[in-house]
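Secondary and tertiary structure notes
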Amino acid sequence: MNPLDFLLEPLSYDFMVRALATSVTAAIVCAVLSCWLVLIGWSLMGDAVSHAVLPGVVLAYVVGAPFALGAVIFGFLAVALIGIVRNTSRIKEDAAIGIVFTTLFALGIVLISVTPSQTDLNHIIFGNLLGVSWADLTQVLILGAITLTILLVKRRDFTLYAFDATHAHAIGLNPKVLGAALLGLLALTAVVALQAVGVVLVVALLIIPGATAYLLTDRFSRMLVIAPVMSALAAVTGLYLSYYLDTASGGMIVLVEGCIFALVYLFSPTQGVIGKRLGAMKRQRMLAAQ
Amino acid sequence: MSVPAIDVRNVTVHYGDVLALDNVSLSLAPGRIYGLIGMNGSGKSTLFKTITGMLRPDHGTVTLAGQQPALARKAGAVGYVPQSEDVDWAFPLSVRDVVMMGRYGHMGFSRRPKAADKAAVAEALERVELTDLADRQIGQLSGGQKKRAFVARGIAQGATILLLDEPFAGVDKRSEGTITKLLRELAAEGATVLVSTHDLNALPKLADEAILLMRTVLLQSTPAEVLKPENLARAFGLDVTAGDAA
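Residues numbered from 1 in each chain as written. Chains lettered and ligands numbered in written order. Predicted model: local features only at pLDDT ≥ 70, side-chain atom pairs only at ≥ 80, totals over all residues.

Let's talk about the overall build of chain A
- In terms of helices and strands, chain A carries 13 helices and 0 strands.
- Taken over the C-alpha trace, chain A has a radius of gyration of 20 Å; the compact-globule value for 290 residues is 19 Å, and the two agree within 12%.
- The principal-axis extents of the C-alpha atoms in chain A amount to approximately 75 × 60 × 35 Å.
- Summarising the internal contacts of chain A: among those between residues at least 6 apart in sequence, 70% fall at separations of at least 24. (Helix = DSSP H or I, 4+ residues; strand = E, 2+ residues; numbered from the N terminus. Rg over C-alpha atoms; globule rule 2.2 N^0.38 Å. Contact = placed C-beta atoms within 7 Å.)

The following block contains the structure:
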């Protein structure tokens, strides 16, 4: 098979075209958001919110409301409950997060089990990339575009919030509003990515690209380019691999993301465990040669 | 007397059941440097947070530059130099990026820098002598340079009130001198500078007045007066003399 056929053959199936568009969109939106999440230290929060939206999505399905609405409501509910448990008891934040999101996730699973439906709601949990309909894809594209636009237009404010919330206060901005906006976008993003990889693996798309980019550059503006490019590449590679190896597509995408992170962790010129040493040895050789 | 730059009237702040500030009143004039002295837990950080708007007082009022504090903050009057331990020095921003954040209040919805913003940042960097290091990641600066970068942010912002939280912690003597000189210049141009510090020896050189805080203002006077052992003893406990306090 020549390389062009290798790339084109899967695309002769409509379902593969939709899968590719969905996964690349989800990968890009998640990756951009992940740049802030890893810097603020909200990775666990990303995990929590992406799981906690499940009952919201199921209830939205039941009453015929947009998934995004249910997801955002339950996303904020999760964050509020975590805050209440942390602030009003001796329970630390990590435990509060663990308690709240697993309970809400469990509620979602129970709701799925009692909800009669034509589409299999279990697909929300593990994703069903190859079964994405045109309607699903349209929703992903619209939500993705909204989320991405807000993130990019307000990127400087979000970065200020992540870096120095006190300064934001001092110049009359409201960091609480910025934080809440970021959490709302997190819930929307979770809905976008549900289709691609499912609730369980969304968190990978929300952490790995930002973390990978952070190991490659000292500039936030460059992270915002590296993370989505890397993640889109992982989505495409993962999908093709899953097609030819006949493996789970969502799982394959995340596996590729993890492998790219591992390579960068080892070989990043400035931060890599091995790359740093290689760079130092090269500099020494050059010094010795002079 | 001119309008005070910072006017704090009977401010009380609680954290839950803990009383952090108890009926604090202060009046700080433009063009002067004030040293804020007190033990850990004496309310220095709380006072800063009340001025920056992070905390809302339970009672009392804050007036900044003769205005409602929210208006003064929106106008860019309040510049803040955080404590070193409150900053993520590995954050992927350059010195120039950080100084540019001082301009955000003057920018439009998406904070896209205009020529005037870039010029203000360049001028502020020149002023603190960091022009050559402007494109370094902030963590790659020395302790004193880091402080100057944040002072530059306040300058670019056009702040008339500058708050510095422990600016001399982890800073060598020479850099401390550079920063002190810079703050004196800014005060001479009319800025009000409030500096919390543990370094009592440097106080007379730095500050025009000192404020002794212990949840409430014990004393506001000249550094020499505040540094008298009997006064320090009231804020720090009994066996303390100037020099090795804190």
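Details of the sheet that holds strand β1 (residues 6–15) of chain B
All names here are of chain B.
- Overall, antiparallel pairing links the 3 strands, which are arranged β2-β1-β4 in an open sheet. Taken across any chain shown, the strands that pair with only one partner, and hence form the sheet edges, are β2 (18–28) and β4 (59–64). Neighbouring strand axes in the sheet, compared pairwise and without regard to direction, differ in orientation by 20 degrees on average.
- By the bridge criterion, 5 bridges tie β1 to β4 in an arrangement that is antiparallel. When the sheet's bridge partners are listed, I6 is paired in β4 with L64. (Pairing = 2+ DSSP bridges. Axes fitted to C-alpha atoms, helices over the stretch in contact; angles between N-to-C directions.)

Examining the interface of chain B and chain A
- Taken together, the 22 residues of chain B in the interface contact 20 residues of chain A.
- When its residues are assigned to classes, the side of chain B that touches chain A shows 10 nonpolar, 8 polar and 4 charged. (Nonpolar A, V, L, I, M, F, W, Y, C, P; charged D, E, K, R; others polar.)

A look at the pairing of strand β5 (residues 78–81) of chain B
All names here are of chain B.
- Of the two faces of β5, the one holding V78 and Y80 and the one holding G79 and V81 are both buried throughout.
- Where β5 and strand β6 (residues 161–165) come together, 4 bridges link them in parallel fashion. Considered in β6, the bridge of Y80 is made with L163. (Buried ≥ 20, exposed ≤ 12 C-beta atoms within 10 Å, placed from the backbone.)

Let's talk about the domain arrangement of chain B
Residue and element names in this part refer to chain B.
- Assigned domains of chain B: these are domain 1 (1–77 + 161–175 + 183–246) and domain 2 (89–159).
- When each unit is reduced to the centre of its C-alpha atoms, the spacing between domain 1 and domain 2 is 25 Å.
- Listed by partner, the interface residues are 10 residues for domain 1 and 10 residues for domain 2. (Domains from an automatic or database assignment.)

Remarks on the nonpolar core
- Judged by nonpolar contacts, the single largest core of 168 residues is most densely connected at V49, A52, A71, V191 and L205 of chain A.
- In terms of residues, this core owes the most to one element, helix α10 (residues 175–214) of chain A, which gives 25 residues.
- Taken domain by domain, this core gets at least three of its residues from each of domain 1 (1–77 + 161–175 + 183–246) and domain 2 (89–159) of chain B.
- Setting aside its immediate chain neighbours within four residues, A71 of chain A contacts V53, G56, V57, A187, L188, A190 and V191 of chain A. (Core = buried A, V, L, I, M, F, W, Y, C linked by C-beta atoms within 7 Å.)

Thoughts on unusual backbone geometry
- A positive phi angle, close to 55 degrees, is found at D246 of chain A, a residue other than glycine.
- Within the element layout of this structure, D246 of chain A appears in the loop between α11 (220–245) and α12 (249–267).
- Owing to 7 C-beta atoms within 10 Å, D246 of chain A belongs among the exposed residues under this scheme.
- A positive phi is found at E129 of chain B, a non-glycine position, where the angle reads about 60 degrees.
- With 13 C-beta atoms counted inside 10 Å, the residue E129 of chain B sits in the partly exposed group.

A few points about the sheet that holds strand β8 (residues 209–214) of chain B
Residues and elements named next belong to chain B.
- On the basis of which strands lie adjacent, the open sheet formed by 6 strands has the order β5-β6-β7-β3-β8-β9 and mixed pairing. The sheet is open, and its two borders are formed by β5 and β9 (216–221), each paired with just one other strand. Taken pair by pair, the neighbouring strands of this sheet meet at an average axis angle of 20 degrees, ignoring direction.
- Contacts between helix α5 (residues 143–157) and the sheet are confined to β5 and β6, with β5 contributing the most and set at about 170 degrees to the helix.

Some details on the pairing of β8 of chain B
Residue and element names in this part refer to chain B.
- Taken together, the 4 bridges between strand β3 (residues 33–37) and β8 define a ladder with parallel strand orientation. By the bridge assignment, L36 is partnered in β8 with I211.
- When β8 meets β9, the two strands line up antiparallel, connected through 5 bridges. The residue bridging I211 from the neighbouring strand is Q220, located in β9.
- Between β8 and β9, which follow one another and run antiparallel, lie 1 residue, and R215 among them has a positive phi close to 65 degrees.

Some points on α10 of chain A
Residue and element names in this part refer to chain A.
- The end-to-end C-alpha separation of α10 is 23 Å, well short of the 58 Å expected for 40 residues at 1.5 Å each.
- A maximum bend of about 110 degrees is found in α10 at Q195.
- Where burial is concerned, most of α10 is hidden: 31 out of the 40 residues are buried. (Expected span 1.5 Å × (residues − 1). Bend = angle between axes of the 7 residues up to and from the residue.)

Some details on helix α7 (residues 134–153) of chain A
Residue and element names in this part refer to chain A.
- Taking 1.5 Å per residue as the helical rise, α7 with its 20 residues ought to reach 28 Å, and the 28 Å between its terminal C-alpha atoms agrees with that figure.
- V140, L143, G144, T147 and L151 are the residues of α7 that are buried. One side of α7 carries all its buried residues, which in axial view fall inside an arc of 105 degrees. Opposite the packed face of α7, turned more than 90 degrees from it, sit the exposed residues W134, A135, T138 and T149.
- Buried residues in α7 make contact with α2 (14–40), α4 (67–88), α8 (155–163) and α10. (Arc of directions from axis to C-beta.)

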